[in-house]
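Working through the structure, step by step
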2 protein chains.
Amino acid sequence: MRTGSISGKKINYDRHVVNKMINDDTQFHDLAERCKGKLVVAVQGLGFVGSAVCAAVASVVEKSGSPKYFVIGVDLPTPESFWKVEKINAGEMPFPSADASLSEVIHHAVKKQKNLVAVCDPRVYRLASVIIMDVQLDVAAYPYDGSRNITIETTGFTKAAREIGRHMCEDALVIVETTVPIGTTEHIVAPAIREERKLRGITQPALLAHCYERVMPGANYLKSIRAMSRCYSGVDAPSAEAAGAFLQSITEGSEVKHRRMASSTASEMAKLLENSYRAANIAFIHEWTLLAEKSGVNLWDVVDAIRIRKGTHDNMRYPGFGVGGYCLTKDSLLAQWGGENLLQVDTGLDTTLRALQTNYHMPLHTLDLLRELLGENLKGKSVVLCGISYLPDVGDTRNSPSQIFADAALAAGVKLTLHDPNVSLWPERPDVPFVHNLEAAIATADALVFT
Amino acid sequence: MRTGSISGKKINYDRHVVNKMINDDTQFHDLAERCKGKLVVAVQGLGFVGSAVCAAVASVVEKSGSPKYFVIGVDLPTPESFWKVEKINAGEMPFPSADASLSEVIHHAVKKQKNLVAVCDPRVYRLASVIIMDVQLDVAAYPYDGSRNITIETTGFTKAAREIGRHMCEDALVIVETTVPIGTTEHIVAPAIREERKLRGITQPALLAHCYERVMPGANYLKSIRAMSRCYSGVDAPSAEAAGAFLQSITEGSEVKHRRMASSTASEMAKLLENSYRAANIAFIHEWTLLAEKSGVNLWDVVDAIRIRKGTHDNMRYPGFGVGGYCLTKDSLLAQWGGENLLQVDTGLDTTLRALQTNYHMPLHTLDLLRELLGENLKGKSVVLCGISYLPDVGDTRNSPSQIFADAALAAGVKLTLHDPNVSLWPERPDVPFVHNLEAAIATADALVFT
């Protein structure tokens, strides 16, 4: 028995029960019956984004007030994933989120509107006119040393694309929403789908588009899906047109326009450049933070003074503890890897990769400052790390810079405790103890680090 | 005999005439007489900025409509500088400018209001309650190789500060407006003035402030001096207060507020960071430009798609030919040099210096593109370089990237001609011929390069 949920009560994994979820013909035919006459959207991958996209698409209503789409969330029948399916079917957002509307919308869609279900059965792609890929394609390993030693495991992602090709309707639209290495839509997804369709005797090219998300973690997550202008592209004109029409149909507010790019590589690059720019700007300020510290200058003041220059300098970053989260720590690596492996060009992204390296090492500077305050030897010093997630008011701890700091602090012998009002368990470092009474902790701590 | 003017008719340099400009006691006493009962502002250094500052300060009027300040522009009696004095006294802006109001204001101030004169006589500092330093402090040499081999010649600048200290009133305010290496106000200007005052028996510290300009080359140059919010700082509280009051007095619009920084190093750093940020953002995009070219992606489209993200990404730069002008090519070097030599810290500005290097080499990429189009050997190929100044609609050719391109093209044997509606002579490369009839040139050219 294994358990899957990281939020709320745990869900036990039972292979027999889960297997039934995949192969239950009655269940599939019931679902097919329910979908008759409806526009079905399937979302592949029920991670944070995929689950939220289910909610977003399910919340689209016609003028009459009735739901526009019937949404089927699909994930794998594995211990890591099956529980998300169960959660959604119970009317819950599978992940903790600062945006309460996500849970509300899912509950309403599953329990009231009855236009959202989740399954582990890939046959449901047959029912869909739009299939959205939200399957992770992660950097498996990278030493953050500015090198090009990036390991990306594409097997699972390619398999997911094949699964779609094996079942999809001839004229369904596939939208890749995952943030992917440049070249992925054309060089990984398209061939996988093409080959599977060919095995089924379908020679007509599939409608295939790339459209990246611009979700904003925090209290307006759901709104950020439906009200944000987006970039999209198709592998051909009909694909782009179909994707543009679908996007517009799920968009709140007719003034929000989406931007069609000339190729899937262009829209893939847009996403990666968008986040690389942010990461590079953060790294740049880190360099000046260190200079300002040495020069006795308060860089916050300086940045404030500069940010008044609207349109050119108002996005300048403030000095900080480091960079975390799911995008800024890795998207540049996807550009590098895709350029090198899929497009087979020498990317030349030296400064871009160097910025990731700088950002990765930023939390270690805080440890240096601690050494300045408490002495070179930190062994046995009691330090409270306040803030484990990577953004204010968010419980998301993925790739948090606090992790880099904690690892280094623990290695230096620091007696580390944690405090974060939004986090009660640190999945990445479950052994580090929390202190809930901050006042008591302050009384005995040698230092507090606010991240 | 040497000539000084780069605009309009030439002015001959005659040492005897010029010497008389310095030592003419009658002239000095007449001027002192004219200044009686007036608030006098002296501007040291009549380069582009200094001349425009003369215009800006002279244009300030009281509610009654009468001029608030009597302005004395001061420059050296050298062949390089004396002519600017003559030009201003003739009622002309010494430099060509896209902002016609500069000339108009100078003409009005000199000829009608009679509250602006220019001199070569340093004794006039005695008459001023505010002295603004606009003397150049340039990078004399740098190989743009990312190294720290920066040569800055401070002798002239230090001498200028001493000249002020030798003559200034006890309670006059000195404002350093020149863009300077961090630490300059405190470690170069303050001691120079202090020592000179000490020789005169004055032990009271001088009122000394740093306030950088944010002028914007182009049609709104003058307005950019008087309507832009600025940063300032004093070496002590009375200096900062005096500088803040003076700045506000020359500002158009009571809604424009100026920002007081905690130290002169902080405001010096603000200026350098402001321009270094811009330079780094340009270098960053250059890296992605090369990747986009190799990937068959139109990066303009991609940048357009990203710039819709207001406040975070809307200052993203477009691909370009290179970076020129007086600030972005050198201000990072002033931070590096000042940090190392005046504050004596290890600046760590590696990425910042690397960005300058990238930008310096950008025009050479255009030459690579020419080689792709015309073949490896460019010898004898006829190329028209369209655009020599460093900004659109501006005649300023200082540090123009066209210069780097032209040098490399000529070295490769290209038959280079020039076309620029705003430039009729290229002072930095006077030997390269212009074509005025672009249509005829197109007919025979192998390539046109639009910068």
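For the structure itself, look to the data block above.
Residues numbered from 1 in each chain as written. Chains lettered and ligands numbered in written order. Predicted model: local features only at pLDDT ≥ 70, side-chain atom pairs only at ≥ 80, totals over all residues. Heavy atoms only, no water.

**With respect to the packing of helix α13 (residues 350-374) of chain B against helix α14 (residues 401-411) of chain B**
Residue and element names in this part refer to chain B. Where α13 contacts α14, the two axes come as close as 8 Å, and the packing angle between them is 45°. The orientation of α13 relative to α14 falls into the category oblique. With respect to the hand of their crossing, α13 and α14 are arranged in right-handed fashion. Between α13 and α14, the contacting residues are Y360, P363, L364, T366, L367 and L370 on the first element and P401, I404, F405, A408 and A409 on the second. Counted by class, the contact of α13 with α14 contains 10 nonpolar, 1 polar and no charged residues. (Axes fitted to C-alpha atoms, helices over the stretch in contact; angles between N-to-C directions. Helix = DSSP H or I, 4+ residues; strand = E, 2+ residues; numbered from the N terminus. Parallel < 35°, antiparallel > 145°, perpendicular 65-115°, else oblique. Left-handed = near helix turned anticlockwise from the far one by under 90°. Contact = heavy atoms within 4.5 Å. Nonpolar A, V, L, I, M, F, W, Y, C, P; charged D, E, K, R; others polar.)

**So, the pattern of salt bridges**
Inspection of the entire model under this criterion finds 47 salt bridges over all chains. Linked by salt bridges that have partners in common, A:R162, A:E163, A:R166, A:E195 and A:E196 make up one network. (Salt bridge = Lys/Arg side-chain N within 4 Å of Asp/Glu carboxyl O.)

**So, empty space enclosed by the protein**
Evaluated as defined, the whole model comprises 3 cavities of 30 Å³ or more. Size it by volume and the largest cavity reaches roughly 170 Å³. Lining of the largest cavity is provided by 16 residues; of these, A:A280, A:T351, B:A280, B:F284 and B:T351 occupy positions nearest its centre. Contributions of two or more residues to the lining of the largest cavity are made by α10 (264-295) and α13 (350-374) of chain A together with α10 (264-295) and α13 of chain B. (1 Å grid on protein atoms, 1.4 Å probe; cavity = no way out; pocket = protein on both sides within 12 Å on 5 of 7 lines; lining within 4 Å. Points joined across faces, edges and corners; volume = space filled by probe spheres on them.)

**Description of the state of the cysteines**
Joining two cysteines, a disulfide is a covalent bond between their sulfur atoms. Residue and element names in this part refer to chain B. Summed over all chains, the structure comprises 0 disulfides over all chains. Its sulfur unpaired, C54 is 13 Å from the next cysteine sulfur, which belongs to C120. Exposure remark for C120: the relative accessible area of 4% places this residue in the buried category. (Disulfide = S-S within 2.5 Å. Buried < 20%, exposed > 50% of the residue type's maximum accessible area, 1.4 Å probe, protein only.)

**Regarding the side chain of B:S239**
Residue and element names in this part refer to chain B. Mapped onto the elements, S239 comes out in helix α9 (residues 237-249). By relative accessible area, S239 is classed as buried at 0%. A polar contact of 3.0 Å, which involves the side chain of S239, links it to the backbone nitrogen of L208. For S239, the residues in contact, after removing those within four places along its chain, are L173, A206, L207, L208, A209 and G234. (Polar contact = N/O pair within 3.5 Å; in protein donor to acceptor, adjacent residues only side chain to side chain.)

**Some points on the relation of the copies chain B and chain A**
Once chain B is rotated about the relating axis by 180° and shifted along it by 0.0 Å, it coincides with chain A to within an RMSD of 0.1 Å. One copy is carried onto the other by what is essentially a two-fold rotation axis. Looking at chain B, 98% of its interface residues are interface residues in chain A too, so the copies touch through the same face. (Least-squares fit on C-alpha atoms with pLDDT ≥ 70 in both.)

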